[in-house]
Amino acid sequence: MRLEAVLLVAKTPLSTRKLAQLAHLADGTEARTLVRRLNQLYDEHGRAVRIEKVAGGFRMFTRAAYAPWLARLGHLPAAVRLSSPMMETLAVVAYRGPVSRADIEAVRGVACGELLRQLMERDLIRISGRSEELGRPYLYDTTRHFLKLFGLPTTDALPPIQWEALQEDRQPADDAPQPPATSIEPSVIPPESVDPEHST
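The structure contained in this document is the topic of the report that follows. From a predicted model like this one, the values you see are computed outputs, not experimental measurements.

**Digging into a positive patch on the surface**
Consideration 1: A contiguous patch of positive charge, built from Arg32, Arg36, Arg37 and Lys53, is present on the exposed surface.
Consideration 2: When residues of the positive patch are assigned to their parent elements, the largest contribution, 3 residues, is made by helix H3 (residues 28–44).
Consideration 3: Along the chain, Lys53 turns up in strand S1 (residues 49–54).

This is the structure in structure tokens:
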């Protein structure tokens with residue numbers, strides 16, 4: 001099937017419109033229908049792969065159950081490691097973006113300029129515009145690379161979080177020292193799920 005072949009060699013998530021163009025299908029609706037049928041066949045026959053929607057498009061991944069075996073082959077990409085402060089800053093941007101630096105620092109309670117710079121260097125966040133507030137500060141938001149890395153179709157797929165409760169937990173007692181920042185780590189598709197590009 002042409003659609004399956006396109007997904008097998010694709011290096012980035014493809015929209016249904018792009019899939020239709022590359023596989024010579026009628027339109028995006030046909031592409032979406034075929035993706036659903038392929039996943040049904042993969043499930044019925046216990047195939048090692050599945051098509052997932054990430055970063056606004058579709059891509060083929062191996063199933064998480066095969067991760068231990070694939071890891072032994074040495075073909076998987078190196079894990080992206082973020083410090084707790086970086087992960088927490090990224091989580092604030094992911095949940096609240098577009099968000100200004102001042103608002104991020106209000107949530108975390110510490111300066112975040114250097115962390116924002118490091119996250120931008122890793123292509124996890126970007127400047128998405130300017131606020132209408134006084135001084136028109138920059139607004140930060142996540143990137144497509146962030147969605148791909150965390151296996152998310154959009155940031156709307158992030159699990160809900162109670163920011164008010166989190167901030168209340170951060171309030172120290174009058175005679176207690178300020179505790180270290182707590183890491184907020186979004187739930188994501190298991191990192192063991194990898195695309196065939198890195199598993200063949």
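**A few points about the packing of helix H1 (residues 2–9) against H3**
Consideration 1: Packing of H1 against H3 brings their axes to within 10 Å, and their N-to-C directions diverge by 80 degrees. Looking at the two axes, H1 sits roughly perpendicular to H3. Seen from H1, the contacting residues are Leu3, Glu4 and Leu7; seen from H3, they are Ala31, Leu34, Val35, Leu38 and Tyr42.
Consideration 2: Here the contact of H1 with H3 is composed, by residue class, of 7 nonpolar, no polar and 1 charged.

**Things to note about H3**
Consideration 1: Taking 1.5 Å per residue, 17 residues should reach 24 Å; H3 reaches 24 Å between its end C-alpha atoms and fits that length.
Consideration 2: Of the residues making up H3, those classed as buried are Gly28, Ala31, Leu34, Val35, Leu38, Asn39 and Tyr42. In a view along the axis of H3, the buried residues occupy a sector of 140 degrees, so they form one face of it. Opposite the buried face of H3, by more than 90 degrees, sit the exposed residues Arg37 and Glu44.
Consideration 3: Where the residues of H3 are buried, they touch H1, helix H2 (16–22), S1 and strand S2 (57–62).

**Concerning the nonpolar core**
Side chains of nonpolar character tend, in soluble globular proteins, to be buried together.
Consideration 1: Formed by 22 residues in total, the largest nonpolar core has its most connected members in Leu90, Val93, Ile104, Leu116, Ile125 and Phe146.
Consideration 2: Elements with a minimum of two residues in this core: helix H5 (84–96), helix H6 (101–108), helix H7 (113–121) and helix H8 (144–150).
Consideration 3: Not counting residues up to four positions away in its chain, the partners in contact with Ile104 are Thr89, Val92, Val93, Val99, Cys112, Leu116 and Tyr140.
Consideration 4: Grouped together as the second largest cluster of nonpolar side chains are 18 residues, Val6, Ala23, Leu34 and Ile51 included.

**A short note on the pattern of salt bridges**
Opposite charge on two side chains makes pairing possible when the charged atoms of those side chains draw close.
Consideration 1: Following the criterion strictly, the structure yields 8 salt bridges and no others.
Consideration 2: The shortest N-O distance in the salt bridge between Asp43 and Arg50 comes to 3.0 Å.
Consideration 3: For Asp43, a relative accessible area of 44% corresponds to the partly exposed category.
Consideration 4: We note a salt bridge from Arg117 to Glu114, for which the minimum N-O separation is 2.3 Å. With Arg117 and Glu114 both in helix H7 and 3 residues apart, this pair spans about one turn of that helix.
Consideration 5: Taking the relative accessible area as the measure of exposure, Glu114 reaches 41% and is therefore partly exposed.

What counts as what
- Along each chain, the written sequence defines residue order, and numbers are assigned to residues from 1.
- The model is predicted, so local features are restricted to residues of pLDDT at least 70 and side-chain atom pairs to those at 80 or more, both for listing and for counting; the totals for chains, interfaces and linings are taken over all residues.
- Heavy atoms throughout the structure, all of them, feed into the side-chain values; hydrogens and water do not.
- Note that patches include only residues with greater than 30% relative accessible area and no salt bridge, and the join distances are 9 Å for like charges and 5 Å for nonpolar side chains (Val, Leu, Ile, Met, Phe, Trp, Tyr).
- All accessible-area figures derive from a Shrake-Rupley calculation using a 1.4 Å probe, and residue coverage is judged against the displayed protein chains alone.
- A pair is scored as a salt bridge if a Lys or Arg side-chain nitrogen falls within 4 Å of a carboxyl oxygen belonging to Asp or Glu.
- Working convention for charge: Lys and Arg count positive, Asp and Glu count negative, and His plus the chain ends are omitted.
- The location of each charge is read from NZ of Lys, CZ of Arg, CG of Asp or CD of Glu.
- Numbered from the N terminus, helices here are DSSP runs of H or I no shorter than four residues, and strands are runs of E no shorter than two.
- Lines fitted to C-alpha atoms define the axes, with helix axes restricted to the stretch in contact, and inter-axis angles between N-to-C directions lie between 0 and 180 degrees.
- Convention used here: angles under 35 degrees read as roughly parallel, angles over 145 as roughly antiparallel, angles from 65 to 115 as roughly perpendicular, and any remaining angle as oblique.
- Note on contacts: a residue pair is in contact if any heavy atoms of the two residues lie within 4.5 Å.
- Each residue is assigned to one of three groups, with Ala, Val, Leu, Ile, Met, Phe, Trp, Tyr, Cys and Pro labelled nonpolar, Asp, Glu, Lys and Arg labelled charged, and all others, Gly among them, labelled polar.
- An expected span of 1.5 Å times one less than the residue number is assigned to each helix.
- A 1.4 Å probe rolled over the protein chains alone gives each residue an accessible area, and that area as a share of the maximum for its type sets the label: buried under 20%, exposed over 50%, partly exposed in between.
- The directions considered for the arc run from the helix axis to the C-beta atoms.
- Definition of nonpolar core: a set of buried residues of the types Ala, Val, Leu, Ile, Met, Phe, Trp, Tyr and Cys, connected through side-chain atoms within 4.5 Å.

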